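# Understanding the architecture of this molecule
Okay, here's what each chain looks like letter by letter:
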Amino acid sequence: MAIPQYSVVTLGILGTISSILVYLSPLPTFYGIVKRKSSVGFKVVPYSVALFSATLYLYYGLIEKAIILITSNSFGLLMQSIYIIIYMLYAQQQSKVFTAKVILLFNLLTMGIVIGTTYFFM
């Protein structure tokens, strides 16, 4: 039994809305960081992983030309980048160095490997 096209579109829109809400969920945390002017007690790793996830799905969406994936994950990439910038603005020096290493080694290096591998094998 085939699923009607309007159901697929509706589910895609609902999925995009829910993804955007998930990306907005850390707003209260970062409002508190800005208000206190300190990111002490918070870890950057979950936001780095979310940044990687958004980047990976955005890349997949671009390959597949899937506008729904491109839309929600572009927003996710933007929001996670903003969160990490805010974190770094209010982090202690040691945390800033760790964050830079995580972003460079995990996000950029791993994404580079993914892009290089798919380019090589496509």
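Basis of the calculations
Within each chain, residues carry numbers counting from 1 in the order of the written sequence. The predicted origin of the model limits local features to residues at a pLDDT of at least 70 and limits the giving and counting of side-chain atom pairs to 80 or more, whereas totals for whole chains, interfaces and linings rest on all residues. Here the side-chain values reflect all heavy atoms present in the structure, with hydrogen atoms and water set aside. Only DSSP runs of H or I reaching four residues or more are called helices, and only runs of E reaching two or more are called strands; each is numbered from the N terminus. Note on definitions: a residue-residue contact is assigned when non-hydrogen atoms from the two residues lie within 4.5 Å. By convention a nonpolar core is built from buried Ala, Val, Leu, Ile, Met, Phe, Trp, Tyr and Cys residues, the set being connected through side-chain atoms within 4.5 Å. Accessible area is worked out with a 1.4 Å probe on protein chains only. A residue is then buried under 20% of its type maximum, exposed over 50%, and partly exposed in between. UniProt positions are given in the numbering used here, feature names are shortened, and annotations may be inferred rather than shown by experiment. Patches were defined on residues exceeding 30% relative accessible area and lacking a salt bridge, with like-charge contacts within 9 Å and nonpolar side-chain contacts (Val, Leu, Ile, Met, Phe, Trp, Tyr) within 5 Å. Method for areas: the Shrake-Rupley scheme with a 1.4 Å probe, in which residue coverage is limited to the protein chains shown. What counts as a salt bridge is simple: a side-chain nitrogen of Lys or Arg found within 4 Å of a carboxyl oxygen of Asp or Glu. What counts as a ring pair is set by centres within 6.5 Å for rings of Phe, Tyr and Trp (its six-membered ring), and what kind of pair is set by the plane angle: stacked under 30 degrees, edge-to-face over 60, tilted for all other angles.

### What about unusual backbone geometry?
Backbone geometry at K37 places phi at a positive 60°, although glycine is not the residue there. Examined against the element boundaries, K37 turns out to sit in the loop between α2 (27-36) and α3 (45-64). The phi dihedral of K65 falls on the positive side, at around 55°, and the residue is not glycine. By the secondary structure assignment, K65 is in the loop between α3 and α4 (67-89).

### Topic: the side chain of Q80
You can see Q80 is positioned in helix α4. The contacts of Q80, once residues within four sequence positions are left out, are Y23, Y47, A50 and L51.

### Some thoughts on the nonpolar core
Within the largest apolar cluster, 14 residues are counted, with the highest numbers of intra-cluster contacts made by F30, Y47, Y83, I84 and Y87. Contributions of two or more residues to this core are made by α2, α3 and α4. Considering every element that reaches this core, the biggest residue donor is α4, with five residues. Contacts of F30, omitting those with residues within four sequence positions, involve Y47, Y83, I86 and Y87.

### Some details on the UniProt feature "transmembrane region" (unreviewed entry) in the protein
Under the local residue numbering, the UniProt record ascribes the feature "transmembrane region" (unreviewed entry) to residues 6-24, 44-60, 66-90 and 102-121. Each end of residues 66-90 is marked by a C-alpha atom, and these two atoms are 36 Å apart; helix forms 92% of the span and strand 0%. Between the C-alpha atoms that bound residues 102-121 the distance is 27 Å, and the span itself is 100% helix and 0% strand.

### Describing a nonpolar patch on the surface
Nonpolar side chains collect at one region of the surface, where V9, L11, I13, L14, I17 and L21 lie side by side and expose about 580 Å² of accessible area between them. Within the secondary structure, L14 is located in helix α1 (residues 5-24).

### Notes on the packing of aromatic side chains
In this structure the tally under the stated criterion is five aromatic pairs. Plain terms: the ring middles of F30 and Y83 are 4.7 Å apart, the flat faces sit at 15° to each other, and that makes the pair stacked. With F30 in helix α2 and Y83 in helix α4, this pair connects stretches of sequence that are 53 residues apart. Accessibility classification places F30 together with Y83 in one group, the buried group. When the centroid spacing of 6.2 Å and the interplanar angle of 65° are considered together, the rings of Y47 and Y83 count as edge-to-face. Highlighted residues: Y47 in helix α3 and Y83 in helix α4, separated in sequence by 36 residues. Pair check on accessibility: Y47 and Y83 agree, each one buried. Of the aromatic side chains, those joined through ring pairs into one cluster are F30, Y47 and Y83.

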